[in-house]
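Here are the chains, one letter per residue:
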Amino acid sequence: MHTTALVLFSGGQDSTTCLAHALSKYQRVETIAFDYRQRHSVELQARLKVLAVLRAQFPTWSARLGQDHFLDLGVLGKVSETSLTREMAFSMEQTGLPNTFVPGRNLMFLTLAGALAYRRGLEVIVTGVCETDYSGYPDCRDDTMKAMQLALSLGMDKRLVIETPLMWIDKAATWQMAQDLGGERFVKLVVEHTHTCYLGDREHRHEWGYGCGACPACELRERGWRGYKSARPQVIQS
Ligand code: ZN
């Protein structure tokens, strides 16, 4: 029975929902994020806000929420030419992958998370990767996660579990998971404070949160929100 976890927590909707999942399940939870000079560095500010609100408004989770780790991974921005790290338009590459794909990113994240988990005595690494709704990023696939779990466990001679609560669900179900884990108050937190938009837009406020409303990440978030809302009858308050 595992009792401790390290969550890859970027401050987006998915990783915030994964954090709530971990806080509901494990006794001690720590968080980690990476600065790889991403264009949407506003996400990194969002994550601090999310952590602060979690600590202030969710006492049961707060008691379990431990240290936050932030690692500089600027070297990743140096080796990759992608629209997430450079001022480039979003497009599809000849490989069939969007140019938001940063090759090796999740592999590096998981390797460093594994090293940190080893040092901090954390047994499970929780990550919000998903095969269902995404653009087919190969480093988000279930097979990649299982291979990384094996590589890390063998390479460190210590059993590490990689847990992916969102792997087989779509964005609407991710909103529903937030609701199930933390109720309306937590859904509000996700809407208000998590960040998804590729362009880092925090000016335009929609029902589903802040964002430009047009980039692929915003579209996905909005579509999920609509699916979630239409699946749940609205309570009309008189
Ligand atoms: Zn956007």
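Residues numbered from 1 in each chain as written. Predicted model: local features only at pLDDT ≥ 70, side-chain atom pairs only at ≥ 80, totals over all residues. Heavy atoms only, no water.

Draft legend 1. Highlighting helix α1 (residues 13-25). A rise of 1.5 Å per residue sets the reference length of α1, with its 13 residues, at 18 Å; its end C-alpha atoms lie 19 Å apart and thus fit the reference within 8%. Among the 13 residues that make up α1, 11 are buried, leaving the element largely enclosed by the rest of the structure. Among all positions in α1, only Gln 13, Asp 14, Ser 15, Thr 16, Thr 17, Cys 18, Leu 19, Ala 20, His 21, Ala 22 and Leu 23 are buried. (Helix = DSSP H or I, 4+ residues; strand = E, 2+ residues; numbered from the N terminus. Expected span 1.5 Å × (residues − 1). Buried < 20%, exposed > 50% of the residue type's maximum accessible area, 1.4 Å probe, protein only.)

Draft legend 2. Main features of the packing of aromatic side chains. Scanning all chains against the criterion turns up eight aromatic pairs. Each ring, one from Trp 61 and one from Phe 186, has its centre 5.4 Å from the other, and the planes form 90 degrees; the classification is edge-to-face. Taken together, the positions of Trp 61 in helix α3 (residues 59-64) and Phe 186 in helix α7 (residues 171-193) put the pair 125 residues apart, joining distant regions of the chain. Since its relative accessible area comes to 9%, Trp 61 is described here as buried. Residue Phe 186 is classed as buried on the basis of its relative accessible area of 0%. (Phe/Tyr/Trp six-rings, centres within 6.5 Å; stacked < 30°, edge-to-face > 60°.)

Draft legend 3. Representation of the coordination of the zinc ion in the model. Distances from the zinc ion to its protein donors, Cys 197 (SG), Cys 212 (SG), Cys 215 (SG) and Cys 218 (SG), fall within 2.3 to 2.4 Å. Of note is the zinc ion, whose four donor atoms meet at the metal with angles of 105 to 116 degrees in an arrangement that counts as tetrahedral. Ordering the donors of the zinc ion by residue number gives the pattern C-x14-C-x2-C-x2-C. (Donors = N, O, S within 2.8 Å, 3.2 Å for Na, K, Ca; no water. Tetrahedral: all angles 85-135°; square planar, octahedral: opposite > 155°, others 65-115°.)

Draft legend 4. Geometry of unusual backbone geometry. Although it is not a glycine, Asp 157 sits at a positive phi angle of roughly 50 degrees. Mapped onto the elements, Asp 157 comes out in the loop between α6 (142-155) and β5 (161-163).

Draft legend 5. Expanded view of the sheet that holds strand β1 (residues 4-8). Read across the sheet, five strands follow the order β3-β2-β1-β4-β5 without closing on themselves; strand pairing throughout is parallel. Only two strands of the sheet have a single neighbouring strand rather than two, namely β3 (65-72) and β5. Going from strand to strand, the sheet's axes swing by 25 degrees on average, the running direction of each strand aside. Relative to strand β4 (residues 124-126), β1 is paired through three bridges, and the arrangement is parallel. (Pairing = 2+ DSSP bridges. Axes fitted to C-alpha atoms, helices over the stretch in contact; angles between N-to-C directions.)

Draft legend 6. Just the side chain of Ser 153, in detail. Following the sequence through the fold, Ser 153 ends up in helix α6. A polar contact of 2.8 Å, which involves the side chain of Ser 153, links it to the backbone oxygen of Gln 149. (Polar contact = N/O pair within 3.5 Å; in protein donor to acceptor, adjacent residues only side chain to side chain.)

Draft legend 7. Quick peek at a nonpolar patch on the surface. Together, Val 75, Val 79 and Met 108 make up a nonpolar patch on the protein surface, roughly 270 Å² of accessible area in all. Turning to its location among the elements, Val 75 is positioned in helix α4 (residues 74-79). (Patch = residues over 30% accessible without salt bridge, like charges linked within 9 Å, V, L, I, M, F, W, Y side chains within 5 Å. Areas by Shrake-Rupley, 256 points an atom, 1.4 Å probe, with all protein chains shown as cover. Salt bridge = Lys/Arg side-chain N within 4 Å of Asp/Glu carboxyl O.)

Draft legend 8. Geometry of the nonpolar core. Counting 62 residues, the largest nonpolar core has Leu 19, Leu 54 and Phe 186 as its most contacted members. Here this core gets nine residues from one element, more than from any other, and that element is α7. For Leu 19, the contacting residues outside a window of four places in its chain are Val 7, Phe 9, Val 29, Thr 31, Leu 51, Leu 54 and Leu 65. (Core = buried A, V, L, I, M, F, W, Y, C linked by side-chain atoms within 4.5 Å. Contact = heavy atoms within 4.5 Å.)

Draft legend 9. Looking closely at the packing of α7 against helix α8 (residues 216-231). Contact geometry of α7 with α8 gives a least axis separation of 10 Å together with a crossing angle of 85 degrees. One element, α7, and the other, α8, form an angle in the roughly perpendicular class. For the pair formed by α7 and α8, the contact residues are Lys 171, Ala 172, Trp 175, Gln 176, Gln 179, Glu 184, Val 187, Val 190 and Val 191 on the first element and Leu 220, Arg 221, Gly 224, Trp 225, Gly 227 and Tyr 228 on the second. (Parallel < 35°, antiparallel > 145°, perpendicular 65-115°, else oblique.)

Draft legend 10. Examining the pattern of salt bridges more closely. Counted under the stated rule, the structure contains nine salt bridges. Lys 171 is paired through a salt bridge with Asp 14; the nearest N and O atoms lie 2.8 Å apart. Of this pair, Lys 171 sits in helix α7 while Asp 14 sits in helix α1, and the two are 157 residues apart along the sequence. When sorted by exposure, Lys 171 lands in the same class as Asp 14, which is buried. Measuring nitrogen to oxygen at the nearest pair gives 2.5 Å for the salt bridge that ties Lys 146 to Asp 142. One end of the pair is Lys 146 and the other is Asp 142, both in helix α6 and four residues apart, which spans about a single turn. By sharing partners, the salt bridges in this structure join Arg 28, Glu 30 and Arg 120 into a single network.

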